[in-house]
Amino acid sequence: MKVLVVANWKMNPGTAREAKQLFDATKKSAEKSKATLVVAPPAIFLRELSSAYRGKKIAFASQDAAAATGGAQTGKISLTQAKDARATFALVGHSETRAAGKSDDDTREEVAAALQLRMTPILCVGELSRNSSGDHFLRVREQLTIGLADVPVGKLTKVLIAYEPVWAIGGEETMSPRDMHEMAIFIRKVVVDHFSPAGHAMKILYGGSANEKNTLPMLKDGDVDGLLVGHVSIDKERFAALLATIG
C-alpha cells in the first residue's frame, strides 16, 4: 500500500467556487506525488467535486455520516447518501464529532455500516490529554474494542485506524515519531488480543497537526502508513509541500 494521505477540509472553504479552486490545486499536487490521496470535503460539496473528477489518483470520503439509512435526523447525512455521492471512504469518530456527542457505540455502528456498503471506514481514536499514569492507553483501547466490535474477523484489515492525539490537533506541534511508534504497536496489540492475529496487518494513520515539516520523520520512524491532515490540507502551498516530501 502506498502512503495514504487523507485531506480533511472540515467546514472549509466557504463557497462552492472556493472548493473547486482548492480541489483543482489539490489535484495538481496529487498528480506529482507518489501518495494516494483521499479528500474529505464538506458534505455539501462532495457530489459536485466527485462527479466532476475523472482521474484515479484521488478518492473521496465523508467527514461524518450516520449508520442509519434514513429517518428523523434533521441535518444529518447517511453513509448510504455519502456513497451515492461517490465517497468510498468514511471518517468515523473524528475527535471533533466525538466532542459534539458521538459515542463509541455510534462509531461501532458506523464502522460496520460502512463495511456493509463496501466503503473503507477510517476509525479515529485518541486521547484528550496525557499523564504519567498511562490512562491514554486505556482510552484508546476502549475506543478500539468498541469501535471494531461488530467487524467480522475477515474484514478487520479493511478498517483503517487513524490515531489523533487530541492535544496535538490544530497546532504546529506534533507528537514525536518515537511516541507514535509506541502507540502503533499498542493499537495492533489491542486488535490482536481482542479480535484476531490479523491485527498485525492493520493500517494506521497519524493525525495530529501533520504538516510539511513533520511528515517525513513520522512516516519514517512513526510506524504509520499515512496521515490524516487537517488545517494544512486547506492551505494550497503547504499541502503541496507536504505531498512533495513524500515523493
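Higher on the page you've got the structure.
Right, let's walk through the structure included here. (Residues numbered from 1 in each chain as written. Predicted model: local features only at pLDDT ≥ 70, side-chain atom pairs only at ≥ 80, totals over all residues. Heavy atoms only, no water.)

1. Looking at the pairing of strand 5 (residues 120–125)
At step 1: The element strand 5 is largely enclosed, with a buried count of five among its six residues.
At step 2: Where strand 4 (residues 89–92) and strand 5 come together, four bridges link them in parallel fashion. Within strand 5, the residue paired with V92 across the bridge is L123.
At step 3: By the bridge criterion, four bridges tie strand 5 to strand 6 (residues 160–163) in an arrangement that is parallel. What sits directly across from I122, in strand 6, is L160.
At step 4: Handedness of the strand 5-helix 6 (residues 135–147)-strand 6 crossover: right-handed. (Buried < 20%, exposed > 50% of the residue type's maximum accessible area, 1.4 Å probe, protein only. Helix = DSSP H or I, 4+ residues; strand = E, 2+ residues; numbered from the N terminus. Pairing = 2+ DSSP bridges. Right-handed = clockwise from strand over helix to strand, strands pointing away.)

2. Some remarks on the packing of aromatic side chains
At step 1: One pass over the full model with this rule turns up four aromatic pairs.
At step 2: Aromatic pair F23 and Y53: ring centres 5.6 Å apart, planes at 85 degrees, arrangement edge-to-face. Taken together, the residues F23 in helix 1 (residues 16–31) and Y53 in the loop between helix 2 (43–52) and strand 3 (58–62) connect sequence positions 30 residues apart.
At step 3: Judged by relative accessible area, Y53 falls into the buried class, the value being 8%.
At step 4: Through successive ring pairs, a cluster of aromatic residues spans F23, Y53 and F60. (Phe/Tyr/Trp six-rings, centres within 6.5 Å; stacked < 30°, edge-to-face > 60°.)

3. As for the side chain of R188
At step 1: Position of R188 among the secondary structure elements: in helix 7 (residues 177–194).
At step 2: Polar contacts involving the side chain of R188 include one to the side chain of D223, which spans 2.7 Å.
At step 3: Once you skip the residues sitting within four places of it in the chain, R188 turns out to touch G199, H200, M202, I204, D223 and D225. (Polar contact = N/O pair within 3.5 Å; in protein donor to acceptor, adjacent residues only side chain to side chain. Contact = heavy atoms within 4.5 Å.)

4. A look at helix 9 (residues 236–246)
At step 1: Listing the buried residues of helix 9 in full gives F239, L242, L243 and I246. For helix 9, the angular spread of the buried residues around the axis is 95 degrees, confining them to a single face. In helix 9, those exposed residues whose orientation departs by more than 90 degrees from the buried face are E237 and A244.
At step 2: Residues of helix 9 that are buried in the fold lie against strand 1 (4–8), helix 1, strand 2 (36–40), helix 8 (215–221) and strand 8 (226–229).
At step 3: Immediately downstream of helix 9, the backbone of G247 shows phi near 110 degrees, a positive value. (Arc of directions from axis to C-beta.)

5. Describing the environment of L205
At step 1: Mapped onto the fold, L205 is located in strand 7 (residues 203–206).
At step 2: Taking the C-alpha atoms as reference points, L205 and D64, 141 residues apart in sequence, are found 18 Å from one another.
At step 3: Leaving out residues up to four positions away in the same chain, L205 has contacts with L4, V6, I122, I161, A162, Y163, V224, D225, G226, L227 and L228.

Purely geometric numbers; function is a separate question.
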